[in-house]
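Given next are the chains, with one letter for each unit.
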Amino acid sequence: MAARASTALLGGYAATAAIATLAARLLPGTAVEATAWAMTVSFLLYAAIVLWAFAERRLMRVIATIWLAALVPAGIVAAIGLRP
Amino acid sequence: MTGVQDEVPQGLRKVMAWIHGWLGLLAGWMLFAMFLTGTASYFRPEITQWMQPEMRAAPVPPERSAADAVRYLQTLAGDAAQWAIYLPDTRTAVTRAYVQDAPPPPGSPPKKRRPEIVIDPATGVQTTARDTRGGEQFYRFHFQLQLPHPWGRWLAGLCGMFMLVAIISGVITHKRIFADFFLLRWGKGQRSWLDAHNVSAVLALPYHAMITYTGLITLAALYMPWPARTNFPTPDAYYRAMTGEPPETPATGRAVPLASVSAMVRAAEREWPGGRASRLIVRHPGDAAATVTVVRHAGDGMNARGATITYAGTDGRRLAASAPPGAGVATAGVMLGLHLGSFAGPAMRWLFFLLGLTGTAMVGTGLLLWTAKRRRPGAAPFLGLRLVERLNIAAVAALPAGMAAFLLANRLIPAGQAGRADTEVAAMFWIWGGVAVAGWLRPARRAWAETLALSAVLFAAIPVVNAITTDRGLDRTLFGDGDALFRAFDLAMLAIALLLAFGASRAGRRPVPARAPRRRIERKEPAHAG
Amino acid sequence: MLAELCLSYCGMAALALATYRLRDLRPVPVGPLRAAGMVLLAGALAGAVLRLGAGQGVVAFLATAGLAGIALVLILSARPRVAVSPLLFAVRVAGATRRPMGTALHPDGASAGG
């Protein structure tokens, strides 16, 4: 239970930040537009992740998916660097 | 089973109900305070006006107030790095200014942040009205929770996320939304609280969802800075890209007097048909590289981030203007406008205020529903229930007392006393805490009734104390002319007092014990004639 | 704004009367009640949008309709007949402009058909 809650709260936040950052980096258009969209939608994404973390029965699946969703996009952003 | 549930239940609706209950409980007390103070903040400038009764400012055209402010700031802080000047508008008669000093030479201690400067537009210098935080106190508490930066904002953001998830889970879990859409039963204990929670939540659902989400967006730069860090070299660069201000130019060190800001304000308003200038940002005043950015009023449209036009400080040359924002930036700006309600006229603002009270009721009824569901007649309440009940009283019934104490302190503390602004704030928290603790010494039902009654008395006292200590009380304003704001404010305090008194009287009623259903006694009736 | 408030209130009242709990107060069957409710609410929305433009109009409508609904529920919980009386009055007036057997009032006073 504590594992699920902390994964949802902290892991979910990390995943949201990572996905939003990757989206801001890759979305076409001007930098300010991509950033604004990514930041605006991120809260809805976080809410969805938290709800899924409790709705999904298998705890291992929750932990694995969320932390993967946090590390992979963060890794990609680190690899491709800042927006030119 | 009473108390903590360790396992998440199965089934989508059950899970959503479980999430909804826990998140609602954990964040409920703070959310109640955020909703109540946030609702009060819809009238932030009006509260500030009421709290400075000495100020009877007549409206002054923005060009003149801008020029006066600049003249005054030149005497006060001529070598500052930046002045931010907030011009008067229909709701705020004064000019407010914030000074950002230049960083001190290396080796010297950092300069303390200067407090807000309030300029009386009639005199052109600092106002002599009593020092007070005014409506700012409720406004800042609403998103900072009286905690040091950034902890308050983070906690408020966490509560906001809890609220967002609670709303979504509440919608998913609510069966048969339309069948009980209009149902409200009084005096039926748990069922009444559930009805009240449903009614206040569902009928104003668009508002609650909007206010929660847009609230998170207002501090998105704090909660989600990484997209901006990836796309812009500094946070300031992202801010400038959003507002359309030109890049920063460092000071040259050559002193050149500032050109007429009145002309700049007039020029900007000419470029914006029907628009108003609301703010000036003067960078490096008195320097050769000075710039003056005129910002359009947030209430001129739904996007609260007004357009900007930047002029050179030395000769008033037009340097740059913000381009019309793209869809993403405009969306964020409209969300900000929706949260602040800056576009709203007086009637719409009252609607927002009532909707805010509805949201406050939604959170409050939710908290009371939690305890009502778990109370067992005849059985002693378990520790968790006792704790939640006491926190409910402290958060719901005692907070209004604290807010009333803030307003009463404003009238009771002498106008010239040093540090009175801080004393007013202290009064709010000492009374809030004191009333809450006093309630803990009483049995729960009596505590509810007495605390609500005390809050009602304190609110009713506000117009009385106002009439005694100032010459702008209801005895003069009720049938007089021209002091509409003070009249409306005092009457609103009485209305709130009545509402709290009603709550107190209902809370004090003995609950009707549940009767066993009466058994029907078979009676043999004589057959009717005809 | 006042007109939109009244339209919203009556629209909500119509929808309320269409619910099971208030079936004893219905002046007309459920179908027409629901339709009338939707029409009245749509009218309030249209009024707000025409007055304020699309964005502000939708916001104003949602605010007015929600608060009208809450006011209705509060009055309904205490005095159901009083709560729906404005709508019942409007229905009575609408009914009085019709001749019996569904013939409409003809401009020159003569009735079309029997």
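For clarity, every value in this text was computed on a predicted model and none was experimentally measured.

Undergrad: Would you take a moment to explain the packing of aromatic side chains for this structure?
TA: What characterises a pair of aromatic rings is the spacing of the ring centres plus the angle enclosed by the ring planes. Scanning all chains against the criterion turns up 23 aromatic pairs over all chains. Each ring, one from Phe232(B) and one from Tyr238(B), has its centre 5.4 Å from the other, and the planes form 45 degrees; the classification is tilted. Note on Phe232(B): relative accessible area 12%, which makes it buried. Residue class for Tyr238(B) comes out buried when judged on its relative accessible area of 8%. Within the aromatic cluster, the residues linked to one another by ring pairs are Tyr13(A), Phe43(A), Tyr46(A), Trp154(B), Tyr213(B), Tyr223(B) and Trp226(B). The residue whose ring lies beneath Arg96(B) is Tyr86(B), and the NZ or CZ to ring-centre distance is 5.2 Å. The residue whose ring lies beneath Arg472(B) is Phe486(B), and the NZ or CZ to ring-centre distance is 3.9 Å.

Undergrad: Mind showing me how you'd approach the interface of chain A and chain B here?
TA: Where interface size is given, it is often the accessible area lost as the parts come together that is meant. Contacts between the two partners involve 34 residues from chain A and, on the opposite side, 40 residues from chain B. Of the roughly 3,000 Å² buried where chain A meets chain B, counting both sides, 78% is carbon and sulfur surface. Looking at the side of chain A facing chain B, the largest losses of area belong to Met39(A), Phe43(A) and Leu51(A), adding up to 24% of the total buried there. Connecting chain A to chain B are 8 residue pairs in polar contact (both at pLDDT 80 or more). Of all the secondary structure elements, the ones that give two or more residues to the side of chain A that touches chain B are helix H1 (2–26) and helix H2 (31–55) of chain A. Considering each element in turn, the side of chain A that touches chain B owes the most residues, 20 residues, to H2(A). Residue composition of the side of chain A that touches chain B, by class: 24 nonpolar, 5 polar and 5 charged.

Undergrad: Got a minute to help me understand the pattern of salt bridges in this structure?
TA: Side-chain pairs of opposite charge can arise where the charged atoms are in close proximity. Residues and elements named next belong to chain B. On inspection of all chains with the given rule, the structure shows 28 salt bridges over all chains. Note that Arg318 and Glu271 form a salt bridge whose closest N and O atoms lie 2.7 Å from each other. On the criterion of sequence distance, the pair formed by Arg318 in strand E7 (residues 318–321) and Glu271 in helix H11 (residues 261–271) is long-range, its members being 47 residues apart. For Arg318, a relative accessible area of 45% puts it in the partly exposed group.

Undergrad: What should I look at first to understand a nonpolar patch on the surface in this one?
TA: Among the surface-exposed residues, Leu9(A), Leu10(A), Trp67(A), Leu71(A) and Leu158(B) lie close enough to one another that they form a single nonpolar patch of about 470 Å² accessible area. Looking at the nonpolar patch, the elements with two or more residues in it are H1 and helix H3 (59–80) of chain A. Note that Trp67(A) resides in helix H3. On the basis of relative accessible area, Trp67(A) is assigned to the partly exposed category, the value being 38%.

Undergrad: When you look at the interface of chain C and chain B in this model, what are you seeing that I'm missing?
TA: Tallying the contact residues gives 22 residues for chain C and 23 residues for chain B. At the boundary of chain C and chain B, one finds 0 salt bridges. Looking at the side of chain C that touches chain B, the elements that each hand over two or more residues are helix H1 (2–17) and helix H3 (54–78) of chain C. Top element by residues in the side of chain C that touches chain B is H3(C). It accounts for 16 residues.

Undergrad: Looking at this structure, how should I read the packing of helix H14 (residues 383–397) of chain B against helix H17 (residues 444–469) of chain B?
TA: When two helices pack together, their arrangement is given by the angle between their axes and by how far apart the axes lie. Residues and elements named next belong to chain B. Taken N-terminus to C-terminus, the directions of H14 and H17 make an angle of 10 degrees; their axes are 10 Å apart at the nearest point. The angle between H14 and H17 places the two elements in the roughly parallel class. Of the residues in H17, those touching H14 at Glu389, Arg390, Asn392, Ile393, Val396 and Ala397 are Ala444, Ala447, Trp448, Thr451, Leu452 and Ser455. Split by residue class, the contact of H14 with H17 holds 7 nonpolar, 3 polar and 2 charged.

Each value, and the rule that gives it
- Residues numbered from 1 in each chain as written.
- Chains lettered and ligands numbered in written order.
- Predicted model: local features only at pLDDT ≥ 70, side-chain atom pairs only at ≥ 80, totals over all residues.
- Heavy atoms only, no water.
- Phe/Tyr/Trp six-rings, centres within 6.5 Å; stacked < 30°, edge-to-face > 60°.
- Buried < 20%, exposed > 50% of the residue type's maximum accessible area, 1.4 Å probe, protein only.
- Lys NZ or Arg CZ within 6 Å of the ring centre and 35° of its normal.
- Contact = heavy atoms within 4.5 Å.
- Buried area = accessible area lost by both parts, 1.4 Å probe.
- Polar contact = N/O pair within 3.5 Å; in protein donor to acceptor, adjacent residues only side chain to side chain.
- Helix = DSSP H or I, 4+ residues; strand = E, 2+ residues; numbered from the N terminus.
- Nonpolar A, V, L, I, M, F, W, Y, C, P; charged D, E, K, R; others polar.
- Salt bridge = Lys/Arg side-chain N within 4 Å of Asp/Glu carboxyl O.
- Patch = residues over 30% accessible without salt bridge, like charges linked within 9 Å, V, L, I, M, F, W, Y side chains within 5 Å.
- Areas by Shrake-Rupley, 256 points an atom, 1.4 Å probe, with all protein chains shown as cover.
- Axes fitted to C-alpha atoms, helices over the stretch in contact; angles between N-to-C directions.
- Parallel < 35°, antiparallel > 145°, perpendicular 65-115°, else oblique.

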